Each structure stands twice: as structure tokens, then as C-alpha cells.
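Topology and contacts: notes
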Amino acid sequence: MDTIKVTLTEKDIPRQWYNLQADLPSPLLPPLGPDGKPITPDMLAPVFPMNLIEQEVSTQRWIDIPAEVLELLALWRPSPLYRARRLEQHLGTPARIYYKNEGVSPPGSHKPNTAIPQAWYNKQFGIQRLATETGAGQWGSALAFACALVGLECKVFMVRISYDQKPYRRLMMETWGATCVPSPSRETKAGRDILAQMPDTPGSLGIAISEAIEAAVTDPSGKTRYSLGSVLNHVLMHQTIIGLEAKKQLKKFGEKKPDVVIACAGGGSNFGGIAFPFVADKIHGADITIIPVEPESCPTMTRAPYVYDHGDTARMTPLLAMHSLGHGFVPPAIHAGGLRYHGMAPLVSKAIVEGLITPRAYHQLRCYESAVLWARTEGFIPAPETAHAIAAVIDEARKAKEEGKEKVILFCWSGHGLMDLSGYDAYFRGKLTDFALPEDEMKKSLDAIKDLPKPPRKVTVE
Ligand SMILES: Cc1ncc(COP(=O)(O)O)c(C=O)c1O
């Protein structure tokens, strides 16, 4: 019988996270404060605990994973690396397709890989409560789960459209002891202001982030901090455990290296997680095509410029150098809620600017078609976000067939879709449509940030 999965043991969980900042061809541009000057770590102290701020700004290549964090991650890690033999056979491709199944975590996605360390570092710092946002509900449930294990309270602002589409995600959060409210809510000034302007808004990650930050910084006890499930450097670093494990597993499958690495990207964390250890190899000469995939309706990487912009709608975060559609942009209500974000991680954006990775966008109908083909060949039902990666994997496998090449394709199967079946329902009943973002709408949203500082396109080290 052919090997179709490689499962490692606890001793193979990586002991260190990989930090791409150490290997970038030129340094990451610093976040800027309201005065346009680089912010200092202590300016972030009301929002994040100092031990995570230190990770955020670190340029050290390897950072040790604390033993207690490893013990918690070992609940489901190492995650299995599968070979998608049945999909390969269906497509008749000479490509070998491997997927890292991050859907095996208790909440069902890659998100706990950072939720656990973030909760743990906050607890170490004496914090009692975390506030956060969630799009699809995967991040909110991951943080609720992590807070339950570590012993913290958790408050989640869930994007309105997902709150309505995915009631079981809210129940998962409540089961783990968290409180979940729809965003925009009346609980914060940011939420009330937005509701006054747009009472029927479906919400967005940018709005929910503003609410969660406000909830953290206005807690008079000083014992609440904010936790972000993607975008930031330390979050992407925590996720590199995916790519580091995949390297060991590919070797056990007898592969030297992947030719193509693919993941969907909302804020960039599962993509950074699987891809960055391979981006490092590419920087050092390896020939690898690395593809982050996003929705056509929220084309941050494929159409939006590299700018300085806020990470949230109410402009509470520092300015980050990133690809952005503008912090006021509210993406159409597609079912891949976790990909409805106006910006992209500074590290992923930087890798695009440096020409290290090649982003791609797909329409939602094509993604659902790919997800259904996947479920009918490989069995597991993917999250709508993951379906974006699958669409690109299928295209790459077909291309390998046309070229007659035995390519090795590795991708991150970022989460299962068992709580996202309302999207499948809408797809099967013919109720889903594709949304392409009109050029004038994008221009209007970008006009609102035209006076913000501009990043130089390339920074050279002296
Ligand atoms: C299953 C799944 N995949 C991908 C994403 C996108 O997030 P990120 O780009 O941070 O990996 C999400 C976000 O909620 C998700 O739930």
C-alpha cells in the first residue's frame, strides 16, 4: 500500500519558531505612529503584553517555544501531512499533491497554533482577559479554546455577517467559556459610530478589530489586552510550526523539496506559517513557486497598492507598511469570512514587493466547485477559505499535466468546513454569485488614504 500520510510524534514538534525577518533581503519598514514617526515598543504596551511585543520586533532567526506551550500544542500537533492520491488520480496529473491538515486542532483550523502561545504569554505577563475579533469564527473559537486551557477570560467581537451565518461557531466559543457579540456592536464607541453611519453593514474584520482594541485599552483595571489572529509578525512566526513540520514530513515521503507551495491568505498567517520556511530556502537559492491565494472580491495582494495604512477601520492601530484596499473598505459578504480583510500582513506584503511570492485571486463559485471536488475525492470538507488554496492547487496540478512534469505541490489545508455548511447550502441551491471589485470602488476606498505616508518600494541595506 502507498503511504498516504506521515504522522510524526510529539518529539518531532519543532522546538523553535522561524522568524523570516532574519532572512529578508532588506528590513521590514517600521510601523508608524500618528505623527508619522516609527513607534516604539512601549507605545504598544496598552494593547499587547511586552513579551509578545519583543517577539513582534525581534530579528532573531529562531525563537524558542516554551515547554508549557509545547505541551499544549501537543494536544493535536504534529498535524498529519497527507498525499492527495485520489485527487491526483481524478485529475490524471503527474504532480504529487501534499497537504498539511490543520483541521485536526480542536477548533478546526491552524489558528490555535498562535492562540495557545498568545494566551500563555499574556497569562505570564499577569493579564486576566483577552479581547479579540473574529471573521469566520475560526480565530474567535481558537482563542476561546486557548483561554480555557490557559485560564483567561475571553471576549470576542464577531463580524455581523459571520455571526448570522455561523451560529455554531458562537456556541463553540461559549462552550469554551468566552463571550461573543456581533460587530459592529453598541458596546464600543467605534461600533456605535459605524452603526450610526451604516446601520445595515455586514461588518468587517477592520471594524471588529477597532472594537476589540477599544475594549482592551479602555478596561480601567489594566488587565485586558488585545489579541490578533493574523497579520502581525509574531502571529505569522507562531504559525511557522506548520512549514517546519511539513519539511520533515516531505522528507519521510522521499521528497527533496516542493516545487510549488500554496495557501490561502486573509491576513496572511496560515500562508506565512507553511510558506516562510520555504521562502527562506528560496532566498538562499531554491527554485520554488510560492502562491498566496485570495478572493477576487477582496483583492488585497493582486490589485491593491503597497502603502502605509491602518490595520483597523477606526484607525486605532499604527500605520503598517502593507498591501491595502484602504481601512474603510468593507468587502462583499462572501462566505470565506476569514479572507474579508482590507490589508495583508507586512511580512507577506514585503515578500510580494521583493518578488519572492506570486499572489493569485479566485472567484467564490470556482472555490466552492474546487471544495466539492475535494470533498468527493479526498473526503474532508474544507473551510471556504481553504477552498481558495484548493482552487490554485487544482490549477497547478492541471498545468503540471499539460507540461508533463512531476511537480511536488505542497499546500496548507487550513481548516475544516463543518461549521460553514450554510455556504455549501447556498452554493448547492444556486444562491451564490461572484463579486469582482469595481475599479472605481477600489479607487474611492484608496482615495481616503492618499494623504498617509508612502513607503519606499525597496529599502536597501547600507
Ligand atoms: C480556515 C481558515 N483559513 C484561512 C484563514 C485566513 O486567515 P489567515 O490568512 O490569517 O491564515 C482563516 C481565517 O479565519 C480561516 O478560518
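See the structure printed just above.
Everything in this summary refers to the structure shown in the same document. Bear in mind that the values here come from a model prediction, so they are computed numbers and not experimental data.

1. Brief notes about the sheet that holds strand β8 (residues 179-183)
- The parallel open sheet is built from four strands, whose spatial order is β8-β7-β6-β9. The open sheet has two edge strands, β8 and β9 (224-226), and neither has a second partner. When strand polarity is set aside, the average angle formed by the axes of neighbouring strands in this sheet is 25°.
- Pairing geometry for strand β6 (residues 129-134) and β9, over three bridges, is parallel. Looking at β9, one finds that Leu130 is bridged to Arg225.
- Its contacts with the sheet place helix α5 (residues 138-150) against β6 and β7 (153-159), and it is angled at close to 160° to β6.
- In the packing of helix α9 (residues 205-217) onto the sheet, the strands contacted are β6, β7, β8 and β9, and the crossing angle to β6 comes to about 170°.

2. Some thoughts on the nonpolar core
- Core analysis: the biggest nonpolar cluster contains 73 residues, and Phe271, Phe276, Ile290, Val348, Ile357 and Leu410 have the highest contact counts within it.
- Other than its neighbours up to four places away in sequence, Ile290 contacts Val261, Phe271, Ala275, Phe278, Val279, Lys282, Leu356, Ile357 and Thr358.
- In this structure, Val293, Ala400, Ala426 and Leu432 belong to the second largest nonpolar core, which totals 37 residues.

3. Considerations on the site of the ligand
- Not every one of the 18 residues close to the ligand is listed here, only the nearest: Ser230, Gly266, Ser269, Asn270 and Ser414.
- Here an oxygen atom of the ligand sits 3.0 Å away from a polar atom, N or O, in the side chain of Lys111.
- In the complex, 98% of the free accessible area of the ligand, which totals 390 Å², lies under the protein chains.
- Cavity membership is defined here by more than half of the atoms lying within 2 Å of grid points; on that basis the ligand lies in the largest cavity.
- Those elements giving two or more residues to the shell around the ligand turn out to be α12 (269-283) and α15 (384-403).
- Its residues placed into classes, the shell around the ligand shows four nonpolar, twelve polar and two charged.

Quick notes on the rules
Residues numbered from 1 in each chain as written. Predicted model: local features only at pLDDT ≥ 70, side-chain atom pairs only at ≥ 80, totals over all residues. Heavy atoms only, no water. Pairing = 2+ DSSP bridges. Helix = DSSP H or I, 4+ residues; strand = E, 2+ residues; numbered from the N terminus. Axes fitted to C-alpha atoms, helices over the stretch in contact; angles between N-to-C directions. Contact = heavy atoms within 4.5 Å. Core = buried A, V, L, I, M, F, W, Y, C linked by side-chain atoms within 4.5 Å. Buried < 20%, exposed > 50% of the residue type's maximum accessible area, 1.4 Å probe, protein only. Near = heavy atom within 4 Å. Polar contact = N/O pair within 3.5 Å; in protein donor to acceptor, adjacent residues only side chain to side chain. Areas by Shrake-Rupley, 256 points an atom, 1.4 Å probe, with all protein chains shown as cover. 1 Å grid on protein atoms, 1.4 Å probe; cavity = no way out; pocket = protein on both sides within 12 Å on 5 of 7 lines; lining within 4 Å. Sits in = over half its atoms within 2 Å of the grid points. Nonpolar A, V, L, I, M, F, W, Y, C, P; charged D, E, K, R; others polar.

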